[in-house]
Every structure is written in C-alpha cells, then in structure tokens.
Amino acid sequence: MTPLRSDGSSPRTGIEIMPYQRRYRQELRELLYRSFRSHVHLDWHETDAWLDAGKATVLLAWEGRRLVGAIAASEPVDGDCWIRVAVVVDDAPPMPIMHTLWNILRLDLRAMQVKRVAILMLREWLSDVFAELGFAEQEWIVTLRRESLESPVELNPPNLTIRASEPSDLEAITAVDHQAFDALWRMTLSDIRQAVRGAASCTVALIQNAIVGYQISTIYFDGSHLARLAVNPNVQAKGIGGALVGDVLRRFTRRGVPSMTVNTQLSNERSQRLYRRLGFQRTGYDLAVWSVRL
Ligand SMILES: CC(C)(COP(=O)(O)OP(=O)(O)OC[C@H]1O[C@@H](n2cnc3c(N)ncnc32)[C@H](O)[C@@H]1OP(=O)(O)O)[C@@H](O)C(=O)NCCC(=O)NCCS
C-alpha cells in the first residue's frame with residue numbers, strides 16, 4: 001500500500017493517509033454506503049466517475065489495512081473549492097480520523113493556491129466535526145417552489161432569442177457562468193457538460209448571436225428543478241433571466257409538469273425577487289454553507 005503519509009500532529013493515532021487510487025474504489029464505496037457519518041455532495045456527477053476522473057483531491061485514511069475514513073475536495077475554481085465527500089467509520093471516534101485527513105488535505109489545497117474551502121451542511125453530523133476543523137457558517141441556501149400549471153406571462157425582451165443549447169455552446173455557457181457567479185459558485189466546463197447531459201432542458205439566450213444567459217433544468221418524477229440560471233452582468237436587469245425561466249416553465253407546463261423548485265443563496269436577493277415575480281415561494285427547506293479560509 002503506497003504512499004502512506006502522516007501529518008505528524010497525531011503520532012499516536014496510528015492513522016495514515018494516502019491518495020485515492022482506483023483499486024480502493026470498492027472499499028470506499030462500501031464505507032460511503034455503510035457509514036452513518038457519510039457526506040456526498042456531487043450534484044450531477046456519479047460518485048465512481050467523479051473519484052476516478054482525477055480532478056478532485058481525494059485522501060483515504062487507513063488504520064492498518066482497514067479503511068477508516070476519506071475526504072475529497074473538488075477541483076479548485078479561482079481559489080475556491082468544496083468538500084464533496086467526507087466519511088468516517090461508525091465504530092471509531094471521528095475527530096482523530098477527520099483531523100488527520102484535514103491536516104493533509106489543507107496542505108495539498110494550499111499548494112494548489114486554494115484560499116477558501118466550503119461544505120454544504122447536508123447532514124447533522126457534519127456540524128460538530130467541521131466546527132472542530134475550523135469551519136464556520138458563511139451562507140444559507142434556500143429553496144423556492146412554484147406550484148402551478150399556468151404559464152407565467154413573461155415576455156422576451158426585444159432582440160432576444162432563446163433556443164435549446166448545442167454541444168458547441170458549452171464554452172460560452174461556462175464563460176457566462178463565471179461572469180455571473182462569485183468564485184465559490186462557479187462551475188467548471190466539465191461540471192456544466194455533466195449537468196447538461198443529465199438535464200431535461202438547457203436553453204441559451206442570445207443577443208445578436210452571442211450567448212448572454214442560460215438555464216439548466218431537470219425533471220423528477222413529480223416535478224422539475226431549475227438547477228442553474230445565469231445572465232451576463234453587462235445585460236442584467238433587462239428581463240433576460242425572467243425570459244429564460246418563463247420559457248422553460250412554458251415548455252414544462254406543456255408537458256404537464258406541475259411544479260418547479262429552485263435553490264439560491266439567502267443573500268442573493270436579486271434572484272429571489274425574480275423567482276417571486278414568477279410565482280415561486282420559499283419552502284422553508286434551508287441548508288447552511290460553512291467555509292474556512294486557508
Ligand atoms: C439572477 C439573474 C439570473 C437575474 O437575471 P436578469 O436578466 O437580471 O433578470 P431580469 O432582468 O429578468 O430581472 C431582474 C430585474 O430586472 C428588472 N427588469 C426586467 N425587465 C426589465 C427591463 N426590460 N428593463 C429594466 N429592468 C428590467 C426586473 O423587474 C427585475 O427587477 P427586480 O429585481 O427589482 O424585480 C442574474 O442577476 C444573475 O445571473 N445573477 C448571478 C447568478 C445567479 O444569482 N443566478 C441565480 C441563482 S442560482
């Protein structure tokens with residue numbers, strides 16, 4: 001088993017750290033599946049493919065020959081990244097394992113010029129563990145829902161065209177995404193490719209043949225989800241965001257899809273105003289985002 005690393009801070013724990021390798025995929029998969037303390041936040045990605053793609057930093061913790069924990073951070077975007085996977089075995093105290101993993105991960109991320117690491121608090125166990133690692137609340141993600149088979153009256157601004165996206169649009173979509181979102185929320189080209197692959201609808205808004213906005217939506221068994229919406233800041237507040245959402249709502253309404261949900265940051269008042277204008281209301285299902293500066 002190579003190469004083992006120890007952070008030197010907890011010499012008596014007997015925990016050693018190594019980078020993920022594909023041959024440990026099955027052990028990691030079982031640990032993620034069986035453990036109560038298991039966190040996987042991969043959005044559109046399938047776990048095995050994401051781990052094996054080699055873009056994330058993935059560390060495994062071993063006690064002898066037993067896999068006792070793992071942590072994985074996403075490919076950094078402009079100095080920010082996310083903890084996408086965190087897991088600890090049920091029958092050991094979590095802190096020595098997570099501390100040892102985090103101490104090595106932090107060094108690896110610093111070497112990659114990462115400045116901030118965030119985690120979406122999907123499960124309760126994460127707060128105790130990540131508070132001890134130095135993470136603190138940064139933001140809340142709120143959920144809004146629109147329940148109606150009526151199409152919204154949201155007219156396209158003049159000179160705006162909306163059409164289904166094409167594979168050759170991916171780079172322009174990524175550029176709009178990076179212009180519109182702060183670093184922590186930006187998606188990589190491969191994230192966007194993956195999201196479009198799994199989407200029921202991806203449309204782009206064009207002015208004079210240039211892509212200035214896009215949306216990605218999925219359909220679930222009982223409704224739809226607006227997964228992504230962005231408009232180039234140079235042309236915001238002209239009705240383009242509203243036109244994109246209105247258009248996808250009309251498409252889904254024609255297909256008989258009765259509802260749409262969307263998540264956005266609590267601090268993102270502009271997007272919430274847009275969603276309220278189109279008939280969305282807060283559901284009360286909120287999730288915290290915690291982060292730490294390196
Ligand atoms: C949220 C976002 C998509 C909105 O896009 P947008 O094109 O500016 O949206 P709209 O123009 O339809 O609506 C925004 C405002 O412009 C106003 N507006 C709409 N049409 C207008 C027009 N023709 N002229 C002037 N203003 C107009 C709307 O009334 C609205 O005002 P309000 O916020 O005071 O209610 C955009 O701000 C963005 O990309 N933000 C960063 C990414 C993001 O937050 N995405 C969503 C969260 S996941």
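Residues numbered from 1 in each chain as written. Predicted model: local features only at pLDDT ≥ 70, side-chain atom pairs only at ≥ 80, totals over all residues.

**Student:** Even after reading the chapter, I still don't get the overall build of the protein, so can you show me in this structure?
**Tutor:** Scanning the protein from terminus to terminus reveals eight helices and 14 strands. Here the C-alpha radius of gyration of the protein, 21 Å, is about what a compact globule of 294 residues would show, namely 19 Å. For the protein, the C-alpha atoms occupy an extent of roughly 70 × 35 × 30 Å along the three principal directions. Per-residue burial for the protein yields a buried fraction of 35% across its 294 residues. Here the contacts in the protein between residues at least 6 apart in sequence split such that 70% fall between residues at least 24 apart. (Helix = DSSP H or I, 4+ residues; strand = E, 2+ residues; numbered from the N terminus. Rg over C-alpha atoms; globule rule 2.2 N^0.38 Å. Buried ≥ 20, exposed ≤ 12 C-beta atoms within 10 Å, placed from the backbone. Contact = placed C-beta atoms within 7 Å.)

**Student:** How should the nonpolar core be read in this particular structure?
**Tutor:** Generally speaking, soluble globular proteins have nonpolar side chains that are buried together. Judged by nonpolar contacts, the single largest core of 39 residues is most densely connected at Leu59, Ala61, Ala70, Ile71, Ala73, Leu101 and Leu105. With sequence-adjacent residues up to four places away left out, Ala70 is seen in contact with Leu28, Leu31, Val58, Leu59, Leu60, Ala61, Val85 and Val87. Judged by nonpolar contacts, the second largest core, of 32 residues, contains Ile192, Val212, Leu274 and Leu278. (Core = buried A, V, L, I, M, F, W, Y, C linked by C-beta atoms within 7 Å.)

**Student:** Would you mind showing me how to read the site of the ligand here?
**Tutor:** Around the ligand, 20 residues are found, and the nearest of them are Gln236, Ala237, Gly239, Gly241 and Gly242. Counting residues per element, the shell around the ligand draws most heavily on helix α8 (residues 269-277), at five residues. Residues that form the shell around the ligand fall into these classes: nine nonpolar, seven polar and four charged. (Near = placed C-beta within 6 Å. Nonpolar A, V, L, I, M, F, W, Y, C, P; charged D, E, K, R; others polar.)

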